[in-house]
Amino acid sequence: MERSSGRFNCARVQRGQVHKTGFITKLGGAHDGKHGNWKKRFMVLKDDLFYYEDEENYERSKEAKGVIRLDSYFCVKKDGDNPEHEFTIFAVPKPLVCHAENKAELDEWFRLLTRLGR
């Protein structure tokens, strides 16, 4: 919450609005660290996080490959040195481990995901 000119300015999130799009590399597969595979996906952050094979599929309104429900979640950046720009979204039914393309993208995704927490 910000205070300006004696009034409180609460940033409101509009439902259904696209907040961010971009490529994220996500861990898929078994998620046990042994059998997972890393896949680059085009992500669309709205009320939930949708991921597509690529940007073209999103633009052509094709069905998302997956959806991470953001009804109840939290987001954590990897501790310490983080050259992979890794963060994890802990959502039901399983966490999503992600790598951003660079530190600026990591910070932007993290800021928006933190702000959208309901």
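Here, the structure is the one placed above.
Residues numbered from 1 in each chain as written. Predicted model: local features only at pLDDT ≥ 70, side-chain atom pairs only at ≥ 80, totals over all residues. Heavy atoms only, no water.

1. Overview of the overall build of the chain
Here is step 1: If you tally the helices and strands in the chain, you get 2 helices and 9 strands.
Here is step 2: For the chain, the sequential pattern of α-helices and β-strands runs β-β-β-β-β-α-β-β-β-β-α.
Here is step 3: Residues counted as buried form 35% of the 118 residues belonging to the chain.
Here is step 4: If you take every contact in the chain between residues at least 6 apart in sequence, the share linking residues at least 24 apart comes to 39%.
Here is step 5: For the chain, the accessible surface area stands at approximately 7,800 Å², while carbon and sulfur atoms represent 46% of it. (Helix = DSSP H or I, 4+ residues; strand = E, 2+ residues; numbered from the N terminus. Buried < 20%, exposed > 50% of the residue type's maximum accessible area, 1.4 Å probe, protein only. Contact = heavy atoms within 4.5 Å. Areas by Shrake-Rupley, 256 points an atom, 1.4 Å probe, with all protein chains shown as cover.)

2. Digging into the pattern of salt bridges
Here is step 1: In this structure the tally under the stated criterion is 11 salt bridges.
Here is step 2: Across the salt bridge formed by glutamate 84 and lysine 78, the nearest N and O atoms sit 3.4 Å from each other.
Here is step 3: Across the pair lysine 103 and aspartate 107 runs a salt bridge, and its minimum N-O distance is 2.8 Å. One end of the pair is lysine 103 and the other is aspartate 107, both in helix 2 (residues 103-116) and 4 residues apart, which spans about a single turn.
Here is step 4: Judged by its relative accessible area of 27%, aspartate 107 is partly exposed.
Here is step 5: Salt bridges sharing partners connect three or more residues here, namely Arg41, Glu53 and Lys65. (Salt bridge = Lys/Arg side-chain N within 4 Å of Asp/Glu carboxyl O.)

3. Some points on the state of the cysteines
Here is step 1: Tallying each qualifying case throughout the model produces 0 disulfides.
Here is step 2: Lacking any disulfide linkage, cysteine 75 is separated from the closest cysteine sulfur, that of cysteine 98, by 7.6 Å.
Here is step 3: Overall, cysteine 75 belongs to the buried group, its relative accessible area being 13%.
Here is step 4: Accessibility expressed as a relative area gives 1% for cysteine 98, which makes it buried. (Disulfide = S-S within 2.5 Å.)

4. Brief notes about helix 2
Here is step 1: The end-to-end C-alpha distance of helix 2, which contains 14 residues, comes to 20 Å, matching closely the 20 Å that a straight helix rising 1.5 Å per residue would cover.
Here is step 2: Every buried residue of helix 2 is listed here: Leu106, Trp109, Phe110, Leu112, Leu113 and Leu116. Looking straight down helix 2, one finds that the buried residues subtend no more than 165° of arc, so they occupy a single side. Turned more than 90 degrees off the buried face of helix 2, the exposed positions are Lys103 and Ala104.
Here is step 3: Tucked inside the fold, the buried residues of helix 2 contact strand 3 (20-28), strand 4 (37-45), strand 5 (49-52), strand 7 (73-77) and strand 8 (86-91).
Here is step 4: Between the side-chain oxygen at the start of helix 2 and the backbone nitrogen of alanine 104 there is a gap of 3.1 Å, and the oxygen is on asparagine 102. (Expected span 1.5 Å × (residues − 1). Arc of directions from axis to C-beta. Polar contact = N/O pair within 3.5 Å; in protein donor to acceptor, adjacent residues only side chain to side chain.)

Interpretation note: all reported values are geometric properties and have no functional meaning in isolation.
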